[in-house]
Amino acid sequence: MTRLAGKVAIVTGAAAGIGAAIAERLVAEGAQVLLTDMNEEAGQVLAQRLGQRFLRADMALTADREALFDDVASNWGRLDILVNNAGITHAAELDDLTEEGFDRVMAVNVKAATFATQAAARLMRKGGSIINLSSVNALLAIPNQIAYAVSKGAIRQLTNVTAVSLAPRGIRVNAIGPGTIMTEMGKSVMAGEEQRRLILSRTPLGRVGDPEEIASIAAFLASDDASYITGQTIYADGGRLGLNYTMPG
Ligand code: NAD
């Protein structure tokens with residue numbers, strides 16, 4: 001499929017997991033992709049395999065974001081697709097939550113996506129597509145994931161408000177809300193047989209998702225196949241959000 005031929009894209013957090021799968025899928029569909037991540041080693045290896053460029057950036061840092069968008073401006077002079085994928089969790093019950101932990105999650109998951117959207121929109125002179133990574137935790141709650149749930153709820157509304165503000169410029173903004181996906185982040189919540197059983201008891205399809213099952217949604221949202229979709233969050237969760245109680249057995 002070449003429905004993204006001629007498009008230029010940035011994928012943040014592209015060195016691993018969902019971001020890596022999204023970068024690979026966008027390239028497979030014809031896009032040129034600038035991969036960016038804090039993890040330089042893994043990012044360089046993947047970019048080389050995909051025949052694309054890599055730039056190291058901590059998306060929470062203003063200077064790193066500026067360098068990233070300056071690079072796109074000088075190399076391509078424009079941008080068509082931004083995937084705000086970089087994200088972190090911070091496990092802490094309310095009593096143990098620190099301001100430092102909360103601030104870091106909000107800086108990476110929310111502030112970075114907000115200001116990357118601002119910078120990207122300035123380069124999207126002929127319209128574009130911005131895709132944010134939300135989560136089922138935008139709507140559901142885990143008691144020891146307070147900062148993460150707040151951040152993903154914020155992404156849902158960031159998606160909505162920027163979709164409205166950028167619509168007159170032909171820029172669509174949507175989000176993907178995954179359930180449990182088999183990445184390093186996914187493995188950290190699946191640690192142990194009991195945790196795995198609990199997660200699957202809340203997953204009607206009876207399995208966790210693969211990063212490629214999120215990447216295919218990103219490619220769709222980036223393409224003209226989604227030309228009339230903006231401000232939406234597409235949940236890919238194996239049915240979790242529709243389930244009351246737990247699956248039988
Ligand atoms: P992951 O931890 O496997 O990979 C995240 C990548 O982001 C890593 O390569 C990491 O180096 C990079 N990163 C982290 N902080 C960064 C920063 N400040 N600047 C630049 N890069 C940074 O995570 P994943 O599971 O692939 O998750 C990707 C996105 O999907 C996240 O936004 C996450 O919240 C969301 N998500 C994941 C799941 C899941 O089950 N895996 C579920 C719902 C939502």
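Residues numbered from 1 in each chain as written. Predicted model: local features only at pLDDT ≥ 70, side-chain atom pairs only at ≥ 80, totals over all residues. Heavy atoms only, no water.

### Re the packing of aromatic side chains
Line of reasoning, step 1. Throughout the structure, instances matching the rule amount to 0 aromatic pairs.
Line of reasoning, step 2. When the ring centre of Trp76 is taken as reference, the NZ or CZ atom of Arg53 above it lies at 5.4 Å. (Phe/Tyr/Trp six-rings, centres within 6.5 Å; stacked < 30°, edge-to-face > 60°. Lys NZ or Arg CZ within 6 Å of the ring centre and 35° of its normal.)

### What about the site of the ligand?
Line of reasoning, step 1. Of all residues adjacent to the ligand, which total 29 residues, the nearest are Ile18, Asp37, Asn85, Tyr148 and Thr183.
Line of reasoning, step 2. In the model, an oxygen atom of the ligand is placed 2.6 Å from a nitrogen or oxygen of the Tyr148 side chain.
Line of reasoning, step 3. For the shell around the ligand, the secondary structure elements donating two or more residues are α1 (17-28), α4 (99-123), α5 (146-166) and α6 (184-189).
Line of reasoning, step 4. With 3 residues, α6 is the largest single contributor of residues to the shell around the ligand.
Line of reasoning, step 5. Here the shell around the ligand is composed, by residue class, of 14 nonpolar, 10 polar and 5 charged. (Near = heavy atom within 4 Å. Polar contact = N/O pair within 3.5 Å; in protein donor to acceptor, adjacent residues only side chain to side chain. Helix = DSSP H or I, 4+ residues; strand = E, 2+ residues; numbered from the N terminus. Nonpolar A, V, L, I, M, F, W, Y, C, P; charged D, E, K, R; others polar.)

### Concerning α4
Line of reasoning, step 1. Compared with the 36 Å implied by 1.5 Å per residue over 25 residues, the 34 Å span of α4 between its first and last C-alpha is a close match.
Line of reasoning, step 2. Remark: the principal bend of α4, roughly 40°, maps to Ala107. (Expected span 1.5 Å × (residues − 1). Bend = angle between axes of the 7 residues up to and from the residue.)

### So, the sheet that holds strand β1 (residues 8-12)
Line of reasoning, step 1. Pairing within the open sheet is parallel, and its 7 strands lie in the order β3-β2-β1-β4-β5-β6-β7. The open sheet has two edge strands with one neighbour each: β3 (53-56) and β7 (233-236). Across the sheet, the axes of successive neighbouring strands diverge by a mean angle of 20°, strand direction being ignored.
Line of reasoning, step 2. Taken strand by strand, helix α2 (residues 40-50) contacts β2 (32-37) and β3, and its axis lies near 165° from that of β3.
Line of reasoning, step 3. Against the sheet, helix α3 (residues 62-75) touches β1, β2, β3 and β4 (81-84), its axis set at about 155° to β3. (Pairing = 2+ DSSP bridges. Axes fitted to C-alpha atoms, helices over the stretch in contact; angles between N-to-C directions. Contact = heavy atoms within 4.5 Å.)

### A few points about the UniProt feature "domain: Ketoreductase" (unreviewed entry) in the protein
Line of reasoning, step 1. UniProt annotation of "domain: Ketoreductase" (unreviewed entry) refers to residues 7-179 when read in the numbering used here.
Line of reasoning, step 2. Helix makes up 48% of residues 7-179 and strand 19%, whereas the separation of the span's terminal C-alpha atoms amounts to 29 Å. (UniProt positions renumbered as here; feature names shortened; annotations may be inferred.)

### Some thoughts on the pairing of β3
Line of reasoning, step 1. Where β2 lies against β3, 4 bridges are found, and the strand directions are parallel. Counterpart to Asp37 in the pairing with β3 is Arg56.
Line of reasoning, step 2. In terms of handedness, the path from β2 via α2 over to β3 forms a crossover that is right-handed. (Right-handed = clockwise from strand over helix to strand, strands pointing away.)

### Some remarks on the pattern of salt bridges
Line of reasoning, step 1. Under the definition given, this model contains 11 salt bridges.
Line of reasoning, step 2. One salt bridge in this structure joins Arg197 and Glu194, with 3.1 Å as the shortest N-O distance. Remark: Glu194 and Arg197 occur in helix α7 (residues 193-201); sequence separation between them is 3 residues, near one turn of the helix.
Line of reasoning, step 3. Note that Glu213 is salt-bridged to Arg207, the shortest N-O span being 2.8 Å.
Line of reasoning, step 4. Linked through salt bridges whose partners overlap, the residues forming this network are Arg3, Arg25, Glu29 and Asp225. (Salt bridge = Lys/Arg side-chain N within 4 Å of Asp/Glu carboxyl O.)

### Details of the side chain of Asp237
Line of reasoning, step 1. Among the structural elements, Asp237 can be located in the segment after β7.
Line of reasoning, step 2. An unpaired buried charge is present at Asp237: no salt bridge exists, and Arg240, the closest side chain of opposite charge, is 6.0 Å distant.
Line of reasoning, step 3. At 2.9 Å, the side chain of Asp237 forms a polar contact with the backbone nitrogen of Gly239.
Line of reasoning, step 4. At 2.7 Å, the side chain of Asp237 and the backbone nitrogen of Leu241 are in polar contact.
Line of reasoning, step 5. If near-sequence neighbours (up to four positions away) are discounted, Asp237 is found in contact with Val136, Gly179 and Thr203. (Buried < 20%, exposed > 50% of the residue type's maximum accessible area, 1.4 Å probe, protein only. Lys, Arg positive; Asp, Glu negative; His and termini not counted.)

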